[in-house]
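# Architecture at a glance
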Amino acid sequence: MSDPDGFWGAQAERLDWVKKPTQVKDVDFTLGQVKINWFADGTLNVAANCIDRHLETRGDQTAIIFEPDDPNEPAQNITYKDLHRNVCRTANVLESLGVRKGDRVVIYLPMIPEAAYAMLACARIGAIHSIVFAGFSPDALAARINGSDAKVVITADHAPRGGRKTPLKSNADTALLHCKDTVKCLVVKRTGDQTTWIAGRDYDYNEMALEADDYCRPVEMNAEDPLFILYTSGSTGQPKGVVHSTGGYLLYAALTHEAVFDYKDGDVYWCTADVGWVTGHSYIVYGPLANGATTVMFEGVPTYPDASRFWQVCEKHKVNQFYTAPTAIRALMGQGTEFATKCDLSSLRILGTVGEPINPEAWNWYNDVIGGGKCPIVDTWWQTETGGHMMTPLPGAHATKPGSAMKPFFGVKPVVLDPQSGEEIDSYPVEGVLAIKDSWPGQMRTIWEDHERFEKTYFGDYKGYYFSGDGCRRDEDGDYWITGRVDDVINVSGHRMGTAEVESALVAHVSVAEAAVVGYPHAIKGQGIYCYVTLMNGVEPTDELRKELRTWVRTEIGPIASPDLVQWAPGLPKTRSGKIMRRILRKIAENDFGALGDTSTLADPSVVDDLVENRMNRE
Ligand code: WTA
């Protein structure tokens, strides 16, 4: 692209600005002075862009189709007019609880329309939301409430999922024991089950929304004001609060949604992610609604009541674009083709995947069985940090190859770096680490209240570039293949997990002296969680203890962090300076112990023999 600023300046026209920006980009990737600004003198409101501006032309069009967990419960069609009323009411409820521009609100909800109302209500009054996935534990929730010093947490009585119920309110109660006592709890009625109630702290959303005014004026925000915080795992320490902006983020989510899914007026679009992850932010709520789309919100799981649920929902709502994760495809593929072929999938036009590399076998099944060989597959590579798609084939414009994210999106400048020297490698085919040379409007702006960590994490390793943490290959045609994380982040069922987080949960258990966690290949999840655990002196290594540790991690972090394999390790391989040699632990976990490499620098090489002998993965 010869004139990226001109391109982005023209693209800004797709948003409704209160004050049109005259500046496009002001960016510096230099360590020590990193700044990222887009459209910095423009002002707008995200909720007005996602709702109000559509009212005149498509007020009666469905904005959100809500498909509940239980297929016998009726779906809901929420029009743009309904959305406007509900978002305004929710915004007024939040204001009545004292929430003002710049305040933080934590959202801990099931995949119900109220989650979208809450997000947009925050945007409407200029509050910054921070969504916590409903599968996270009370501890993780408390850390996020405290991390952003939130005024209000919005939750529901229970979250129905796959026929079971997660007690969200009770989790929130536990979390709030560890938070300031000024934090208010706004409770949405989902199942109607009884919950505990603390007068003065807990507020009934349904009652308050019913009484609230139907209109709430959208607050004028600067393009660079934060829209939301979303915590994500890194290679060290606790999760970091990724901060996204108002103008650049919305523009990028909207443009990518339209271009990558070839979204046309009247299409029904379905992204199966949860709003607790970035995919749900950008491609269930913000991107689609900014484009005036009809977006499906699904509360359930792919296998409930059985493995045809996704395809039944596609048939029922005549879905045109379907976007999911490779792990779901692999799981459904394993259940047999009949679950899909018995449904009418003729409405599908575009298929998408996200979250992890897709293996060719799953890609081919998706292409043949779900797409009937006629739907382009967009394999979208991007990250919480990037706000929207960074590399993907564009339907109709690019060829596809099973497993390749193919080409950068408009204006994105990927580079492959030599991991050691940090030099750009221009030739191809080539393999190295993936970095981005210049900014794009959807880029994260900072880590919440820790700009230094932001600079160090993303701009510290390779000077002058945004470093993705992924490895990649560029083939002889110049197409990109993501090879996975090169840091200590693992990808379990498309969910990012820092091995350091699981380790710190394990060592918090009284019986554990030391722990090291790595990923290993898992047929359905992509990667599984493999834990090496050294017990305290005198503690018996039993199967009960193994189970207990698994439950322990689930309660500390949440079910998504549940260890798959736990190996008792009398010792861990360490260098003489005491550093754990993870390379060796990864190899053993991968059952690839023939190629352990040089172990001569270990303080005690014999620990390796024990680990190999007692390895848990023998596939
Ligand atoms: C991985 C999810 C291969 C990658 C949007 C990245 C992928 C991490 C793909 C970000 C893809 C995402 N092919 N790998 N199409 N998409 N990844 O922040 O390792 O939850 O760094 O964002 O997922 O995960 P996150």
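Residues numbered from 1 in each chain as written. Predicted model: local features only at pLDDT ≥ 70, side-chain atom pairs only at ≥ 80, totals over all residues. Heavy atoms only, no water.

## Here's the deal with the overall build of the protein
Each helix and strand counted, the protein has 19 helices and 30 strands in total. Seen through its C-alpha atoms, the protein measures out along the principal axes to roughly 75 × 60 × 55 Å. Taking all 619 residues of the protein together, the buried fraction comes to 60%. Put simply, the protein has 61 plus and 83 minus side-chain charges, and the middle of one group is 1 Å from the middle of the other. (Helix = DSSP H or I, 4+ residues; strand = E, 2+ residues; numbered from the N terminus. Buried < 20%, exposed > 50% of the residue type's maximum accessible area, 1.4 Å probe, protein only. Lys, Arg positive; Asp, Glu negative; His and termini not counted. Charge placed at Lys NZ, Arg CZ, Asp CG, Glu CD.)

## A closer look at the UniProt feature "modified residue: N6-acetyllysine" (unreviewed entry) in the protein
Within this numbering scheme, the UniProt entry marks Lys579 as carrying the feature "modified residue: N6-acetyllysine" (unreviewed entry). For lysine 579, the position within the fold is in the loop between strand E30 (565–568) and helix H18 (582–589). When neighbours within four sequence positions are excluded, lysine 579 is seen to be in contact with Pro573 and Lys574. (UniProt positions renumbered as here; feature names shortened; annotations may be inferred. Contact = heavy atoms within 4.5 Å.)

## Overview of the pattern of salt bridges
Considering all chains together, one arrives at 40 salt bridges under this definition. Glutamate 13 serves as the salt-bridge partner of lysine 20, at 3.5 Å between the closest nitrogen and oxygen. For glutamate 13, a relative accessible area of 53% translates into the label exposed. With a closest N to O distance of 3.2 Å, lysine 35 and aspartate 26 form a salt bridge. Through salt bridges that share partners, Lys401, Lys407, Asp475, Asp477 and Asp479 make up one connected network. (Salt bridge = Lys/Arg side-chain N within 4 Å of Asp/Glu carboxyl O.)

## Focus on the environment of valine 18
By the secondary structure assignment, valine 18 is in the loop between helix H1 (4–11) and strand E1 (25–28). As for valine 18 and glycine 42, which are separated by 24 residues in sequence, their C-alpha atoms are 7.5 Å apart. Ignoring any residue separated from it by four or fewer positions in sequence, one finds valine 18 in contact with Thr43, Leu44 and Glu220.

## So, the UniProt feature "binding site: ATP" (unreviewed entry) in the protein
Residues annotated by UniProt as "binding site: ATP" (unreviewed entry) correspond here to Gly355, Glu356, Pro357, Asp379, Thr380, Trp381, Trp382, Gln383, Thr384, Asp470, Arg485 and Arg496. Along the chain, the position of glycine 355 falls in the loop between strand E19 (350–354) and helix H14 (360–370). Overall, the relative accessible area of 35% leaves glycine 355 in the partly exposed class. Inspection of the secondary structure assignment puts aspartate 470 in strand E24 (residues 466–474). Apart from the residues lying within four places of it in its own chain, the contact partners of aspartate 470 are Trp381, Gln383, Val433, Leu434, Ile482, Gly484, Arg485 and Val486. Engagement of the side chain of aspartate 470 in a polar contact is seen with the side chain of tryptophan 381, the distance being 2.9 Å. (Polar contact = N/O pair within 3.5 Å; in protein donor to acceptor, adjacent residues only side chain to side chain.)

## Let's talk about the sheet that holds strand E14 (residues 226–232)
Pairing is mixed in the open sheet, where 8 strands are placed in the order E12-E11-E8-E6-E7-E14-E15-E23. Only two strands of the sheet have a single partner each, and these edge strands are strand E12 (202–204) and strand E23 (446–447). Across 2 bridges, strand E15 (residues 240–245) lies against E23 in antiparallel orientation. Residue pairing for E23: valine 242 is matched across the bridge by isoleucine 447. Sitting on the sheet, helix H6 (residues 138–147) is in contact with strand E6 (104–108), strand E8 (152–156) and E14, with an inclination near 165° to E6. Helix-sheet contacts for helix H10 (residues 278–290) involve strand E7 (128–131) and E14, and the interaxial angle to E14 is about 145°. (Pairing = 2+ DSSP bridges. Axes fitted to C-alpha atoms, helices over the stretch in contact; angles between N-to-C directions.)

## Concerning the environment of lysine 101
With respect to the helices, strands and loops of the structure, lysine 101 is situated in the loop between helix H4 (80–96) and E6. You can call lysine 101 partly exposed: its relative accessible area is 47%. Lysine 101 sits 190 residues away from asparagine 291 along the chain, and the two C-alpha atoms are 25 Å apart. When sequence neighbours within four positions are dropped, the list of residues in contact with lysine 101 reads Ile125, Gly126, Ala127, Val219, Glu220, Met221 and Asp225.

## Focus: the site of the ligand
In the region of the ligand, 17 residues are neighbours, and Asp379, Thr380, Thr384, Asp470 and Arg496 sit closest. Aspartate 470 has a polar side-chain atom sitting 2.6 Å from an oxygen atom of the ligand. At a separation of 2.7 Å, an oxygen atom of the ligand approaches a polar side-chain atom of arginine 496. Compared with its free state, where it exposes 520 Å², the ligand has 96% of that area covered by protein. Those elements giving two or more residues to the shell around the ligand turn out to be H10, strand E20 (377–380) and strand E25 (480–485). A per-class count over the shell around the ligand returns 6 nonpolar, 6 polar and 5 charged. (Near = heavy atom within 4 Å. Areas by Shrake-Rupley, 256 points an atom, 1.4 Å probe, with all protein chains shown as cover. Nonpolar A, V, L, I, M, F, W, Y, C, P; charged D, E, K, R; others polar.)

## Observations concerning the packing of helix H9 (residues 247–260) against H10
One can describe the packing of H9 onto H10 by two numbers: an axis separation of 8 Å at closest approach and a directional angle of 90°. Looking at the two axes, H9 sits roughly perpendicular to H10. Contacts from Tyr249, Leu250, Ala253, Ala254, Thr256 and His257 in H9 reach His281, Ser282, Tyr283, Tyr286, Gly287, Pro288 and Ala290 in H10. A breakdown of the residues in the contact of H9 with H10 according to their chemical character gives 8 nonpolar, 5 polar and no charged. (Parallel < 35°, antiparallel > 145°, perpendicular 65-115°, else oblique.)

## Here we look at the nonpolar core
Leu83, Ile154 and Tyr286 are the most contacted members of the largest nonpolar core, which totals 151 residues. By residue number, the principal contributor to this core is helix H5 (residues 113–125), which donates 10 residues. Of the residues that make up this core, three or more belong to each of domain 1 (4–301 + 376–472) and domain 2 (493–614). Each residue touching leucine 83, except ones within four places of it in the same chain, is listed here: Ile51, Ala63, Ile64, Ile78, Tyr117, Leu120 and Leu289. Judged by nonpolar contacts, the second largest core, of 29 residues, contains Phe298, Trp311, Val319 and Ala362. (Core = buried A, V, L, I, M, F, W, Y, C linked by side-chain atoms within 4.5 Å. Domains from an automatic or database assignment.)

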